[in-house]
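Inside the fold
Listed here are the chains, written in short residue letters.
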2 protein chains.
Amino acid sequence: MSDQNPVSNFALPHVKELHAYTPGFQPKGDGWIKLNTNENPYPPSPAVEAAIRSALGDSLRLYPDPLSSELRREIANLHRVDASNVIVGNGSDDVLNLLTRAFSNVEEKAGYTFPSYSLYPVLCGIQNSGTIEIPFGREMDLPLELVAECDAGILFFTSPNAPTGVGFTNETVRKLLQRFRGVVVVDEAYADFAKENAVELLREFSGLVVTRTLSKSYALAGLRVGYALANAEIIEALDRVRDSYNVNRLSQAGGLAAIRDQSYMKAIAGKVQRTRDFYYEELKALGWFTYHSEANMLFTEPINSKGEKGPTVALELFEYLKSRKILVRYFPGHALTASFLRISVGDEDQMLRLSETIGQWLKNG
Amino acid sequence: MSDQNPVSNFALPHVKELHAYTPGFQPKGDGWIKLNTNENPYPPSPAVEAAIRSALGDSLRLYPDPLSSELRREIANLHRVDASNVIVGNGSDDVLNLLTRAFSNVEEKAGYTFPSYSLYPVLCGIQNSGTIEIPFGREMDLPLELVAECDAGILFFTSPNAPTGVGFTNETVRKLLQRFRGVVVVDEAYADFAKENAVELLREFSGLVVTRTLSKSYALAGLRVGYALANAEIIEALDRVRDSYNVNRLSQAGGLAAIRDQSYMKAIAGKVQRTRDFYYEELKALGWFTYHSEANMLFTEPINSKGEKGPTVALELFEYLKSRKILVRYFPGHALTASFLRISVGDEDQMLRLSETIGQWLKNG
């Protein structure tokens with residue numbers, strides 16, 4: 001990922017131009033409060049660990065089920081669809097990658113909203129896809145007119161969106177689906193923290209793909225399990241471009257246990273929602289503009305003790321928090337994000353520490 | 001993977017034409033002797049299970065190290081290269097896929113020997129790469145002249161080869177590298193069962209890539225860990241097209257423990273070698289032509305009780321063994337393979353059962 005090494009001369013021209021996705025900083029050592037990668041502050045269901053322990057031993061020498069069949073069936077039951085409507089990936093990033101490979105190339109463009117998950121342009125770059133960036137305005141509503149005009153074959157957007165946390169209603173998503181004729185990928189990485197999701201729209205729209213991950217609401221970012229729901233013909237296309245053994249034995253076993261323990265997931269997602277809503281009010285009380293969030297993050301525009309806001313102020317608070325071992329995320333690359341910080345919702349103690357530290361920053365500023 | 005479902009009309013034209021890789025049959029239920037997917041008959045090192053148990057718990061909620069840094073360093077130490085010469089994949093299949101993505105497309109062709117690992121044409125199909133198939137002759141020597149003439153940008157071959165088990169000396173591989181100017185991928189999935197490997201050639205040839213897997217000699221097919229060794233510029237290109245979180249926490253932890261326990265790997269690989277060489281003599285004693293193998297498989301041409309051989313005989317024995325719950329692999333698609341069966345080397349008991357069952361087939365035939 002370093003830019004110091006030159007790339008092999010043998011590499012394809014577009015590969016030499018690629019900018020790799022920048023993962024959030026993963027600190028070494030203890031004592032950090034990690035509010036920078038939208039991880040869940042709570043541990044995964046105890047059933048996950050038990051299932052993985054059972055899957056250890058002699059069977060690790062055997063290849064995994066190439067179809068993740070049992071996991072597909074369980075996911076299908078959860079969402080009341082058929083197993084032929086489900087594909088499982090090595091994280092939802094894997095599924096998003098397969099979507100770019102099956103549906104986009106130099107001629108068949110991929111569209112994506114911006115700012116949203118910054119992996120979409122990275123995946124399109126790897127695939128050398130033609131791209132259409134569909135910009136949000138400051139209010140962060142889905143830009144329906146721009147989507148309708150766009151001639152992409154496949155469209156990606158995140159709902160609730162990242163980094164803002166803004167959710168889109170099914171009424172809005174339906175309007176988008178009525179006006180866009182290609183494949184529409186609704187990346188629902190954060191849907192378990194939201195009021196609504198687009199799964200019910202699958203029956204109406206054959207070009208709709210809903211992606212999900214176990215990294216956020218199920219607290220399993222380290223296990224790499226994600227999935228997509230779509231009509232069987234789209235799933236078939238994704239299976240054709242998929243690595244046969246993309247999900248290992250332990251991830252299949254752990255993923256299955258996680259999906260089966262819905263009450264645990266709902267309990268920890270509920271705690272995150274309550275902390276989020278409480279902290280949203282705290283930020284509002286500071287007078288900081290903060291998007292109303294339906295995800296496990298808050299996107300807020302800090303104001304310093306002199307009443308100033310903007311990129312310098314956001315960066316200053318980012319650095320101040322980091323120097324006190326609190327990590328949040330800063331996206332300097334775009335006018336709509338550069339004055340903001342994205343704060344992943346932690347547990348109550350972590351958010352209290354954050355509040356105190358922001359208080360010190362305001363006092364010392 | 002089914003051919004019953006039609007593919008989405010939105011899919012790219014080449015995706016509609018794809019034939020997915022056919023993984024070996026994974027039987028349900030007990031009592032099977034699985035000699036069909038080159039898995040190791042012995043369990044992985046106990047250190048692997050211990051390491052995975054330690055990696056469980058709260059940290060599963062956190063993303064894995066995107067670079068698999070510790071594992072890269074350990075692999076680098078093992079092969080006496082720098083960590084910048086190593087990339088880790090979700091199985092070596094992941095790395096092979098990245099190689100097709102960074103170095104081949106419609107114009108930049110990928111070459112591969114045939115018969116070899118049947119994933120190469122599948123990956124090229126997914127990438128829509130131009131391909132050059134370089135056929136082996138019956139003696140299964142590396143076709144140096146054909147390689148030298150071929151205008152591919154990247155070339156894949158397996159050493160020791162599959163399904164034959166035939167190994168290629170470094171003298172031969174060096175000749176190939178001297179005559180081919182592009183990227184040369186030596187897929188060394190089976191190298192731990194062989195006399196020689198190409199790692200020492202990395203110093204001489206900047207276009208050489210050596211891939212390895214933990215699925216065979218380390219008995220970890222279920223964990224999905226593989227890697228490639230190459231010069232830093234090639235690794236950089238692969239990192240740019242790689243999924244950031246391709247190797248999960250448990251695979252990184254287990255892979256690290258496996259690589260550190262070289263004496264265990266060598267012990268089980270040694271047992272497989274001895275069983276293989278013993279069984280090779282058995283097949284010779286039956287009068288069956290069998291390639292001299294440096295891998296964990298034997299490729300043999302069965303002769304029935306009437307002295308007949310050929311595709312019908314090979315298929316008949318395949319079915320006979322399957323009806324007795326012994327799975328081997330049959331590749332009907334090519335003149336050089338259709339009269340043969342590929343037998344993965346099991347433990348001594350399994351090979352004894354196989355011998356007895358072949359004896360019954362010969363008696364009843």
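**Observations regarding the interface of chain A and chain B**
- Tallying the contact residues gives 80 residues for chain A and 81 residues for chain B.
- Summed over both sides, the interface between chain A and chain B buries roughly 7100 Å², with carbon and sulfur atoms accounting for 56% of that surface.
- On the chain A side of the interface with chain B, the three residues burying the most area are A:Tyr63, A:Arg101 and A:Arg240, jointly 12% of the side's total.
- Our enumeration of links across chain A and chain B arrives at zero salt bridges.
- Counting residues per element, the ones that place at least two in the side of chain A that touches chain B are helix H1 (13-16), helix H2 (46-55), helix H4 (92-103), helix H5 (119-127), helix H8 (232-240) and helix H9 (249-260) of chain A.
- Among the elements that line the side of chain A that touches chain B, the one with the most residues is H8(A), at seven residues.
- When its residues are assigned to classes, the side of chain A that touches chain B shows 37 nonpolar, 21 polar and 22 charged.

**Focus on the relation of the copies chain A and chain B**
- Overlaying chain A with chain B gives an RMSD of 0.0 Å, the required rotation being 180 degrees about an axis along which the chain moves by 0.0 Å. Taken together, these values place the two copies in the relation of a two-fold axis. Across chain A, the rotation axis passes nearest the C-alpha of A:Arg53, at a separation of 3.6 Å.
- Most of the interface of chain A is mirrored in chain B: 100% of its interface residues are interface residues there too.

**Details of the nonpolar core**
- Counting residues in each nonpolar core, the largest one holds 136 residues, and the members touching the most others are A:Phe157, A:Leu250, B:Phe157 and B:Leu250.
- Once residues lying within four places of it in the same chain are set aside, the contact partners of B:Leu250 are A:Ile52, A:Leu223, A:Leu250, B:Ile52, B:Ala55, B:Leu56, B:Leu60 and B:Leu223.
- With 65 residues, the next largest nonpolar core counts A:Leu98, A:Ala230, B:Ala11 and B:Ile154 among its residues.

**Description of the sheet that holds strand E10 (residues 297-301) of chain A**
Residues and elements named next belong to chain A.
- Strand order in the open sheet made by the three strands is E9-E10-E12, with antiparallel pairing throughout. The sheet terminates laterally at strand E9 (289-290) and strand E12 (341-344), the two strands that pair on one side only.
- In this sheet, E10 lies alongside E9 in antiparallel orientation, the contact comprising two bridges. By the bridge assignment for E10, Phe289 is matched with Glu301.
- Against the sheet, helix H10 (residues 262-285) engages E9 and E10, with an angle of about 5 degrees to E10.

**A look at the side chain of B:Asp261**
Residue and element names in this part refer to chain B.
- Tracing the backbone shows Asp261 in the loop between helix H9 (249-260) and helix H10 (262-285).
- Lys266 provides the closest opposite charge to the buried, salt-bridge-free Asp261, at an N-O distance of 9.8 Å.
- Look past the residues within four positions of Asp261 in its chain and what remains in contact with it is Ser45 and Ala47.

**A few points about the packing of aromatic side chains**
- The final tally for this structure, using the stated rule, is 24 aromatic pairs over all chains.
- Centroid distance A:Tyr117 to A:Tyr120: 5.7 Å. Interplanar angle 85 degrees. Geometry classified as edge-to-face.
- According to the relative accessible area criterion, A:Tyr120 is buried, its value standing at 2%.
- An aromatic cluster of at least three residues, connected via ring pairs, comprises A:Phe289, A:Tyr291, A:Phe299 and A:Phe340.
- The ring of B:Tyr42 carries B:Lys271 above its face, with NZ or CZ at 4.2 Å from the centroid.

About the cut-offs
- Residues numbered from 1 in each chain as written.
- Chains lettered and ligands numbered in written order.
- Predicted model: local features only at pLDDT ≥ 70, side-chain atom pairs only at ≥ 80, totals over all residues.
- Heavy atoms only, no water.
- Contact = heavy atoms within 4.5 Å.
- Buried area = accessible area lost by both parts, 1.4 Å probe.
- Salt bridge = Lys/Arg side-chain N within 4 Å of Asp/Glu carboxyl O.
- Helix = DSSP H or I, 4+ residues; strand = E, 2+ residues; numbered from the N terminus.
- Nonpolar A, V, L, I, M, F, W, Y, C, P; charged D, E, K, R; others polar.
- Least-squares fit on C-alpha atoms with pLDDT ≥ 70 in both.
- Core = buried A, V, L, I, M, F, W, Y, C linked by side-chain atoms within 4.5 Å.
- Buried < 20%, exposed > 50% of the residue type's maximum accessible area, 1.4 Å probe, protein only.
- Pairing = 2+ DSSP bridges.
- Axes fitted to C-alpha atoms, helices over the stretch in contact; angles between N-to-C directions.
- Lys, Arg positive; Asp, Glu negative; His and termini not counted.
- Phe/Tyr/Trp six-rings, centres within 6.5 Å; stacked < 30°, edge-to-face > 60°.
- Lys NZ or Arg CZ within 6 Å of the ring centre and 35° of its normal.

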